[in-house]
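# Architecture at a glance
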Amino acid sequence: MTEHPFLLYDPTVYAVRQHYEIVFFTQEPGAAWVLVEGRRYTDQMCGVVRSDTCSHHVCIPTEALDRAGGYTVCYALIPERHSYFPKTEQIFTAEYPFRALPDGEIHVYMLADTHSHVEEPVAVSRYFGEAPDLLILGGDNGNTASNPDS
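Described in the following lines is the structure provided in the data block. (Residues numbered from 1 in each chain as written. Predicted model: local features only at pLDDT ≥ 70, side-chain atom pairs only at ≥ 80, totals over all residues. Heavy atoms only, no water.)

To continue, consider the pairing of strand E10 (residues 108-111). Here E10 shows a clear split, with Tyr 109 and Leu 111 buried on one side and none of Val 108 and Met 110 buried on the other. Where E10 meets strand E11 (residues 134-137), four bridges bridge the pair, whose relative direction is parallel. Counted as the bridge partner of Val 108 is Leu 134 from E11. (Buried < 20%, exposed > 50% of the residue type's maximum accessible area, 1.4 Å probe, protein only. Helix = DSSP H or I, 4+ residues; strand = E, 2+ residues; numbered from the N terminus. Pairing = 2+ DSSP bridges.)

Okay, structure coming up:
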């Protein structure tokens, strides 16, 4: 879930060779891009900005995002499509911090079958300090499939 109403979920960042791929989903189809240190990286296919989808995929060079320490997801509805300059509505943004994996040793913690318990698993995950480098939630996080809040 996310605190930004234009997004369906918070973005996921994938490390792929010499770039990161940021994937996110919007509530409605529209144009999307990511800002890193003021530079715009667009969701595009063959040089054309994709605006007819809710799923967005943006590639960013590894060194740019590692250096920046954060990124901003941007999104705009496209109510009218015109040649060259489509009409857009308000631009929505969401800022996210980013921390590259450190060189050398990393601390990974996996939690599975936590069944709605929060405090105990979080406390155990601090074995490596304040927070692990990577936390994996392995399933059965809730007590029941009939109630999404549990």
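Picking up where we left off.
Here we take up the layout of surface pockets. Here the largest pocket is characterised by a volume of approximately 950 Å³. Lining the largest pocket are 17 residues, and of these Pro 11, Val 13, Asp 133, Leu 134 and Leu 135 lie nearest its centre. Only strand E1 (12-16) and E11 provide two or more residues apiece to the lining of the largest pocket. Considering only residue class, the lining of the largest pocket consists of 14 nonpolar, one polar and two charged. (1 Å grid on protein atoms, 1.4 Å probe; cavity = no way out; pocket = protein on both sides within 12 Å on 5 of 7 lines; lining within 4 Å. Points joined across faces, edges and corners; volume = space filled by probe spheres on them. Nonpolar A, V, L, I, M, F, W, Y, C, P; charged D, E, K, R; others polar.)

Strand order in the open sheet formed by four strands is E4-E3-E8-E9, and the pairing between neighbours is antiparallel. At either margin of the open sheet sits one strand with a lone partner, and together these are strand E4 (39-42) and strand E9 (91-97). Each strand axis lies, on average, 25° off the axis of its neighbour in the sheet, ignoring direction. Sheet topology note: the strand E8 (residues 70-76)/E9 ladder contains seven bridges and is antiparallel. Bridge assignment links Val 73 to a residue of E9, and that residue is Ala 94. (Axes fitted to C-alpha atoms, helices over the stretch in contact; angles between N-to-C directions.)

Purely spatial values, then, with no claim about function.
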